[in-house]
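The primary structure of each chain is shown beneath.
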Amino acid sequence: AAIVARQLLPRTGKLDSDAVGPAKVRETSKVESLWPDAVNSLAPMQQRNEEALDRWGFKDTRFVARWVDGQPAVQMASKRYGSVGERPSFQLWAFFQRELKVSMGVRDTLPEKPLPDLPPPADGLVAQLSEVLPNARIRSDVEARLRGGTGHALADIWRLRIRETLRMPDAVVRPETEDEVLAVLRAAESGSVRFAVVPVGGRTNVTSATACPEKTVDSRPFVAMDMRGLSKVLSVNKEDGLAHVQAGITGSALKEALRKQGVTMGMEPDSMELSTLGGWIATRASGMKRAKYGNIEDMLLEVRLATTGGIVWQSHGSKGSVGAAAFSRTSSGMDLRGLVLGSEGCLGIVTSAVVRVRPLPEAVEHQSVIFPNWDLGAKFMREVARLPAAIRPTSCRLMDNRQLKLAQALREDDSRGQLRTLAKQAFLRMNGVSLEGASAVTLLFEGSRQEVVLQKRALGPLVRSTRGLWGGASSGEAGYALTFAIAYIRDFGLDYRILSESLETLAPWSVVASVWPAVQAAVIEEHRALRIPGRPFLSVRMTQLYDEGAVLYMYMAISTAGLTCQRALQVFQRLEHTARRAILDAGGCLSHHHGVGKIRAELLPSGLEPLVADAARGVKAVLDPRNVLGAGNGAWWTPPSSLTPQSQPHQERLSGA
């Protein structure tokens with residue numbers, strides 16, 4: 001390998017102009033798609049492709065295993081994500097078995113089953129809804145109701161896969177105007193059939209936030225409100241840097257619509273192909289470009305909230321022209337934004353918002369850096385966080401060795417590519433880096449040409465002081481694109497009874513080094529106590545950086561071979577609870593950007609004072625006195641076991657019975 005490396009390396013001792021050292025700034029008049037082989041933009045792709053029901057993403061895109069030349073291999077069924085999974089990967093199949101210490105059979109998959117039967121909608125409900133909406137936008141078929149009552153939490157998807165259904169909404173409606181949203185809410189409160197409403201966006205929540213409460217908690221019929229009918233950019237004010245946008249638009253469609261206007265919001269969560277603006281606001285979301293553009297709370301200037309009493313609208317700007325003007329801050333008392341952010345569909349329904357936009361960047365560059373181990377990579381991240389905010393990279397994400405190996409397996413090379421890989425590995429070894437223990441950072445730079453030059457220049461000394469090696473622009477771009485494709489890996493695992501989930505937390509710098517080891521130790525111990533097969537797969541990356549701490553995004557997977565489907569979920573939920581408890585005990589927060597929903601609500605008292613929870617319930621009593629928005633998430637969650645005979649009358653009153 002060393003001989004091959006010497007033959008391929010130029011005299012400079014670098015792999016090639018793309019592989020080592022900061023690349024030259026590429027000027028561009030627009031931000032190009034990461035996946036030009038698929039389509040020129042993500043928005044038309046969403047319109048042309050049908051979304052999966054019991055898997056992530058789109059029906060035409062999934063990882064499948066098959067025999068290739070007598071060996072098992074894994075390949076993605078579409079080219080939606082460019083080179084990710086485009087070749088049969090023998091390494092990926094081996095990766096699963098090696099990391100989990102289990103044997104897998106290509107054909108030993110979870111059987112596909114027909115959709116389950118659901119109870120019919122409540123008597124008179126559909127007829128009542130048809131009085132306020134056209135029949136074409138009211139659905140009560142099984143698939144629509146399953147979509148309306150589930151997100152992408154592991155529990156939601158696993159139950160869909162094994163066709164074990166809990167309570168689902170009686171119907172799904174799709175309003176297209178703000179007035180139609182209000183009409184449904186008023187019908188829920190005052191119609192002959194009293195029902196609860198749960199707003200649904202892109203169905204990407206991982207907290208069971210859109211699940212209907214059990215009937216022991218709320219016996220009313222439930223209606224899921226699909227907000228994607230409100231998906232327009234209503235106005236763009238370039239001079240003030242504002243855009244008034246309806247809440248049901250998806251991230252990719254919003255990015256494309258704003259690009260045509262020469263601006264960007266800069267909000268790019270991993271789920272941006274499907275998640276919506278309203279969902280970002282309701283969950284207090286964050287994105288991969290936080291360092292430059294901020295979190296959703298930094299972008300949100302005004303919000304319109306539909307309630308049973310009408311529209312709530314702060315209207316700091318002109319009342320005569322909604323969305324034409326807004327202020328980033330005022331000293332005029334309480335701010336509506338602070339109440340709506342993180343409310344998870346329980347105070348009202350976000351119909352539109354005024355958000356901050358900026359001109360499209362002049363230059364966009366990717367890069368990557370490889371480190372000998374995780375600790376040196378984490379040290380680099382700490383130093384990046386100490387840089388002035390203006391010269392930090394737009395995105396800076398550190399992946400551990402397991403994720404690095406997973407990324408390599410997903411992009412398995414042909415014979416010529418394997419030769420190039422050997423050369424790179426040889427170069428790394430000569431510089432003290434072994435891929436057996438290495439970590440890697442993917443970088444994205446955006447802004448004016450001068451900004452990008454300064455951002456890259458500021459990182460040079462940090463890379464050298466932490467023994468890092470520049471890994472190249474193509475690796476950085478591939479790592480960024482991998483973020484969008486990796487969600488499909490979980491569904492491939494489910495095919496083989498491998499259950500997995502992500503956990504995220506913001507941890508202060510003073511404890512960030514101890515959080516992940518604490519989670520690993522707790523999960524491994526619990527896994528051993530449960531006596532389930534193999535070993536847990538545990539992996540972490542460090543994503544958003546703050547002055548006070550960093551976000552740890554953790555993955556956990558286990559094989560449940562030999563367990564019943566119901567027992568498999570129970571075991572995994574026990575391990576997940578163990579991991580979340582370990583995060584809190586080690587000094588991390590309950591959630592940085594996924595929200596609370598129902599899954600984390602039991603742990604919410606650990607970080608929420610009772611008086612704050614009481615205040616949240618008091619706000620709801622004013623905005624939604626009859627609990628029409630009945631999702632019951634976060635501070636408004638009611639565990640079924642907590643209901644007592646004494647509490648039943650109160651529940652009946654809230655239910656409008």
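All values derive from a computational prediction rather than experimental measurement. (Residues numbered from 1 in each chain as written. Predicted model: local features only at pLDDT ≥ 70, side-chain atom pairs only at ≥ 80, totals over all residues. Heavy atoms only, no water.)

1. Examining the sheet that holds strand β16 (residues 439–447)
Applicable threshold: Paired strands are those between which DSSP finds at least two bridges. Helix numbering and strand numbering both begin at the N terminus, where a helix is a DSSP run of H or I of at least 4 residues and a strand a DSSP run of E of at least 2. In what follows, a contact means two residues having at least one pair of non-hydrogen atoms within 4.5 Å. To define axes, lines are fitted to C-alpha atoms, for helices over the stretch in contact only, and angles between the resulting N-to-C directions are given on a 0 to 180 degree scale.
Strand order across the open sheet formed by seven strands is β17-β14-β16-β15-β19-β20-β18, with antiparallel pairing between neighbours. The outermost strands of the open sheet, each flanked by one partner alone, are β17 (469–470) and β18 (498–508). Across the sheet, helix α20 (residues 565–586) lies against β18 and β20 (549–559), angled at about 10° from β18, the strand it touches most.

2. Structural notes on helix α6 (residues 154–162)
Which entries qualify depends on this criterion: Note on classification: 1.4 Å probe, protein chains only; a residue is buried when its accessible area is under 20% of the maximum for its type, exposed when over 50%, partly exposed between these limits.
Of all nine residues making up α6, nine are buried, and the element is well covered by its neighbours. All of the buried residues in α6 are Leu154, Ala155, Asp156, Ile157, Trp158, Arg159, Leu160, Arg161 and Ile162. Check the buried side of α6 and you find it contacts α5 (142–148), α18 (487–495), β18 and α20. Just downstream of α6 lies Arg163, where phi reads positive at about 60°.

3. Remarks on the packing of helix α13 (residues 374–386) against helix α16 (residues 449–465)
Put simply, the rule is: Put simply, angles under 35 degrees are roughly parallel, angles over 145 are roughly antiparallel, angles from 65 to 115 are roughly perpendicular, and the rest are oblique. Left-handed is the label given to a crossing in which the near helix is rotated counterclockwise from the far helix by less than a right angle, and right-handed is the label when the rotation is clockwise.
Two elements in contact, α13 and α16, have axes whose closest approach is 9 Å; the angle formed by their N-to-C orientations is 150°. Comparing their axes, α16 and α13 come out roughly antiparallel. For the crossing formed where α13 meets α16, the hand is right-handed. Facing Lys379, Phe380, Glu383 and Val384 of α13, the residues of α16 in contact are Leu459, Leu462, Val463 and Ser465.

4. Overview of the pattern of salt bridges
Operational definition: By definition, a salt bridge exists where a carboxyl oxygen of Asp or Glu is found within 4 Å of a side-chain nitrogen of Lys or Arg.
Under the criterion given, the structure shown has 38 salt bridges. Among the salt bridges present, the one from Arg55 reaches Glu112, with a minimum N-O distance of 3.9 Å. Of this pair, Arg55 sits in the loop between α2 (42–48) and β1 (63–68) while Glu112 sits in the loop between α3 (90–100) and α4 (125–129), placing them 57 residues apart in sequence. The exposure class assigned to Glu112 is exposed, which follows from its relative accessible area of 55%. Note that Arg600 and Glu504 form a salt bridge whose closest N and O atoms lie 2.7 Å from each other. Highlighted residues: Arg600 in the loop between α20 and α21 (610–623) and Glu504 in strand β18, separated in sequence by 96 residues. Per residue, the accessibility class of Arg600 equals that of Glu504, and both read buried.

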